[in-house]
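# Reading the structure
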Amino acid sequence: MKDFIIVGLGLSGASLAYRLEKEGRSFMVYDDESQEASRVAGGFMNPIILKRFTLAWKADEQMSKAVDFYGAMGKDLGKNFLSPLEIYRRFSSIEEQNNWFTAADNPRVAPYLDLNLVKTVNPHIPSKFSFGKVLNTKRIDPRDLLESYAAHLAKKGLLINESFDHDALGISEDHVEYKGIKSRNIIFCEGFGLLNNPYFGYLPLKGNKGEYIIIKARDLDLEVGVKSSVFIFPAGEDLYAVGATYSNTDKTPGPTTAAREELIEKLRDLIDVDFEVVHQVAGLRPSTIDRRPLVGKHPDHENLYCCNGFGSRGILLAPMISEELLNLIDTGEELSPEIDLARFTKKWYSKV
Ligand SMILES: Cc1cc2nc3c(=O)[nH]c(=O)nc-3n(C[C@H](O)[C@H](O)[C@H](O)COP(=O)(O)OP(=O)(O)OC[C@H]3O[C@@H](n4cnc5c(N)ncnc54)[C@H](O)[C@@H]3O)c2cc1C
């Protein structure tokens, strides 16, 4: 009898699996690489929403947890996933510059906004207005983290690379059984794939597609991230990631010409050197109608759980939410009401 089956090895599933492993619990993970959000994510741990200079939900609390979590994970896997990448916001008007100072009046926002604006960050990023530096941000390389962790789990025989077949799941009062494996609990961490889940597919997951282009720009020589109408950050060897797009209508998994053209146009407005597009990636953010995660126990089945709805903030959310969910399962400690999927049960479950 295992303690857990985890379905999905994106940021959600990996955070849960790592916590369980540290606690010496038994588990098995299934992943079919059908969703790409975690692997293509920019990897930014930035508590500030750079459009409005406001603090994202509970983001300052999540930040210290995330730094410790990814730091420890790297140490255990013999890697360093965390890097301190500087981010600058290019202002497009005096009004925006003023908003930056107004935002910094909030003592929770102040630690992240440098009040010493700079006129230039790179000779090839011209601007009529100044740039504001976002302080105390970090970045992880999510692809490296997930591939390293998947390899680690596979070596220990804890990862099965196949699609989880929901029809083959047997549910009893105190355990589940799947293809001969018995487990006390199962946690579904399927990202946008949740829509195919017969147990939790009723939850209002909207999905928001995001795409990045990877460009080569030999003359740019940029060592920081810059956010304007588009975000650009260095990816080594004259390569830069440029993105991301946000689409609520396109739910297809792959890269699109429309996103590529949109990003190229915005990039031309930001940098004044030649570049070529060498790659493009896409993923579906598991966004929700109220912009809060969908976490918790199934309304009818004691041993079925869901850990989803991280939207565009999975890097910061995953360490905190995985901890809350395991506390619920192990000690019965209630989830924060904002993330508890029970908030949708009455209204949504009755429709199924
Ligand atoms: C372009 C882009 C940029 C982003 N940048 C950032 C960023 O800088 N910072 C940030 O915090 N967030 C960012 N995000 C958001 C972040 O990626 C998501 O919040 C997060 O990845 C969601 O993680 P998840 O594990 O819930 O879902 P996913 O990453 O979608 O993982 C779900 C996993 O479940 C697997 N799966 C699904 N169904 C099955 C099945 N039936 N059987 C087996 N396996 C299954 C999938 O293959 C996948 O591996 C970005 C997203 C995109 C698209």
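Naming follows an unreviewed UniProt entry, where the protein appears as NAD(P)/FAD-dependent oxidoreductase of Salinimicrobium flavum.

When helices and strands are counted, the protein shows eight helices and 20 strands. Here the C-alpha atoms of the protein give a radius of gyration of 21 Å, agreeing with the 20 Å that 2.2 N^0.38 yields for 352 residues. Taking the principal axes of the C-alpha coordinates as reference, the protein spans close to 65 × 40 × 40 Å. In the protein, buried positions account for 53% of the 352 residues. For the protein, the computed accessible surface area is about 16,200 Å², with 47% contributed by carbon and sulfur atoms. Here the protein contributes 43 positively and 50 negatively charged side chains, and the mean placements of these two sets differ by 3 Å.

Okay, the site of the ligand next. If you check the shell around the ligand, you find 38 residues, and the closest are D31, S34, S38, F164 and G311. Within the contact set of the ligand, an oxygen atom lies 2.6 Å away from a side-chain nitrogen or oxygen of D31. At 3.2 Å, a backbone N or O of Q35 approaches an oxygen atom of the ligand. Here the ligand, which alone exposes 1,000 Å², has 96% of that area covered by the protein. Sorting the residues of the shell around the ligand by element identifies helix 1 (11-22), helix 2 (37-40), strand 14 (208-216), strand 18 (276-285) and helix 7 (314-331) as the ones contributing at least two each. A per-element tally of the shell around the ligand places helix 2 first, with three residues. Each residue belonging to the shell around the ligand can be placed in one class, and the counts come to 14 nonpolar, 16 polar and eight charged. When residues are assigned to domains, the shell around the ligand turns out to be shared by domain 1 (2-41 + 143-205 + 289-349) and domain 2 (208-285), each giving three or more.

Glancing now at helix 1. The terminal C-alpha atoms of helix 1, which comprises twelve residues, lie 16 Å apart, in line with the 16 Å expected from a rise of 1.5 Å per residue. Among the twelve residues of helix 1, eleven are classified as buried, and the element is accordingly described as predominantly covered. Three or more residues of helix 1 are buried, namely L11, S12, G13, A14, S15, L16, A17, Y18, R19, L20 and E21. Backbone geometry just downstream of helix 1 places G24 in the positive-phi region, at approximately 75 degrees.

To find the voids left in a structure, one rolls a probe of water-molecule size over its atoms. All chains considered together, the criterion is met by one cavity of 30 Å³ or more. Here the largest cavity is characterised by a volume of approximately 30 Å³. Around the largest cavity sit S34, Q35, E36, P253, A282, G283 and L284, which together line it. In terms of residue class, the lining of the largest cavity is made up of three nonpolar, three polar and one charged.

With that settled, the discussion passes to the layout of surface pockets. Roughly 300 Å³ of volume is contained in the second largest pocket. Along the wall of the second largest pocket there are 16 residues; nearest its centre are R39, A41, R139, R143 and I214. Elements with a contribution of two residues or more to the lining of the second largest pocket: helix 2, helix 5 (142-155), strand 14, strand 16 (231-236) and strand 18.

In this section: the nonpolar core. By size, the foremost hydrophobic cluster in this structure holds 48 residues, and its most contacted members are F27, M45, Y70, Y149, I187 and L325. If you list the elements that add at least two residues to this core, you get strand 1 (2-7), helix 1, strand 2 (27-30), helix 3 (59-77), helix 5, strand 20 (304-308) and helix 7. Apart from the residues lying within four places of it in its own chain, the contact partners of M45 are M63, A66, V67, Y70, L82, T137, K138, I140, I315 and L316. One finds Y30, Y178, I181 and F192 within the second-largest nonpolar core, a separate group that totals 24 residues.

Before going further, it helps to spend a moment on the sheet that holds strand 15 (residues 225-227). Two pairing modes exist for strands in a sheet, parallel and antiparallel, and in both the strands are linked by backbone hydrogen bonds. The strand order across the open sheet formed by seven strands is 8-7-15-16-17-14-18, and the pairing between neighbours is mixed. Looking at the sheet topology across the chains shown, the edges are occupied by strand 8 (131-134) and strand 18. Averaged over all adjacent pairs, the angle separating strand axes in this sheet is 25 degrees, with direction ignored. Inspection of the sheet shows strand 14 paired to strand 17 (residues 239-243) by five bridges, in the antiparallel sense. Looking across to strand 17, one finds that I215 is bridged to Y240.

Examined bridge by bridge, strand 15 and strand 16 share two bridges and lie antiparallel to one another. Its bridge partner lying in strand 16, V226 is registered against I232. Once strand 15 ends, the chain turns through three residues before running back antiparallel as strand 16. The pairing of strand 16 with strand 17 spans five bridges and is antiparallel. Looking across to strand 17, one finds that F231 is bridged to G243.

Working note: a packed helix pair is described by the angle between its axes plus the distance between those axes. For the pair helix 3 and helix 7, the least separation of the axes is 8 Å and the interaxial angle reads 85 degrees. By the angle class used here, helix 3 and helix 7 are roughly perpendicular. Across from A59, Q62, M63, K65, A66, F69 and Y70 in helix 3, the residues of helix 7 making contact are G314, I315, L316, L317, A318, P319, M320 and E323. For the contact of helix 3 with helix 7, the per-class residue count stands at eleven nonpolar, two polar and two charged.

Definitions and cut-offs
- Within each chain, residue numbers correspond to sequence positions counted from 1 in written order.
- For a predicted model such as this one, the threshold for reporting local features is a pLDDT of at least 70, and the threshold for listing and counting side-chain atom pairs is 80 or more; totals across whole chains, interfaces and linings nevertheless cover every residue.
- Each side-chain value is derived from all of the structure's non-hydrogen atoms; neither hydrogens nor water enter the calculation.
- Helical segments are the DSSP runs of H or I of at least four residues, strand segments are the runs of E of at least two, and each set is numbered from the N terminus.
- Only C-alpha atoms enter the radius of gyration, while the globule expectation follows 2.2 Å times N to the 0.38, with N the number of residues.
- The classification of residues rests on relative accessible area computed with a 1.4 Å probe and restricted to protein chains. Under 20% of the type maximum is buried, over 50% is exposed, and intermediate values are partly exposed.
- Throughout, the Shrake-Rupley method with a 1.4 Å probe supplies accessible areas, and for residues the shown protein chains are the sole cover considered.
- A positive count includes Lys and Arg, and a negative count includes Asp and Glu. His and the chain ends are not counted in either.
- Charged groups are reduced to one reference atom each: NZ for lysine, CZ for arginine, CG for aspartic acid, CD for glutamic acid.
- Near, as used in this document, describes a residue that has one of its heavy atoms within 4 Å of the molecule or strand being considered.
- We define a polar contact as two N or O atoms separated by no more than 3.5 Å, with the added condition that, inside protein, one atom must be a possible hydrogen donor and the other a possible acceptor, whereas residues neighbouring each other in sequence contribute only through side-chain atom pairs.
- Each residue is assigned to one of three groups, with Ala, Val, Leu, Ile, Met, Phe, Trp, Tyr, Cys and Pro labelled nonpolar, Asp, Glu, Lys and Arg labelled charged, and all others, Gly among them, labelled polar.
- Segment limits for the domains were obtained from an automatic or database-derived domain assignment.
- Under the convention used throughout, the expected extent of a helix is 1.5 Å for every residue step, that is, one less than its residue count.
- In this analysis, the protein atoms alone were mapped onto a 1 Å grid. Cavities are point sets where a 1.4 Å probe fits without being able to get out; pockets are open sets with protein on both sides within 12 Å along at least five of seven lines; lining residues have an atom within 4 Å of a point.
- Grid points are joined across faces, edges and corners, and a volume is the space filled by probe spheres set on the points.
- Here, nonpolar core refers to any group of buried Ala, Val, Leu, Ile, Met, Phe, Trp, Tyr and Cys residues whose side-chain atoms link them within 4.5 Å.
- By the convention used here, residues are in contact when the closest approach between their heavy atoms is within 4.5 Å.
- Whether two strands pair comes down to DSSP finding at least two bridges between them.
- Angles shown run from 0 to 180 degrees and are taken between the N-to-C directions of axes, each axis being a line fitted to C-alpha atoms and, for helices, limited to the stretch in contact.
- Oblique is the label for every angle not falling under 35 degrees (roughly parallel), over 145 degrees (roughly antiparallel), or within 65 to 115 degrees (roughly perpendicular).

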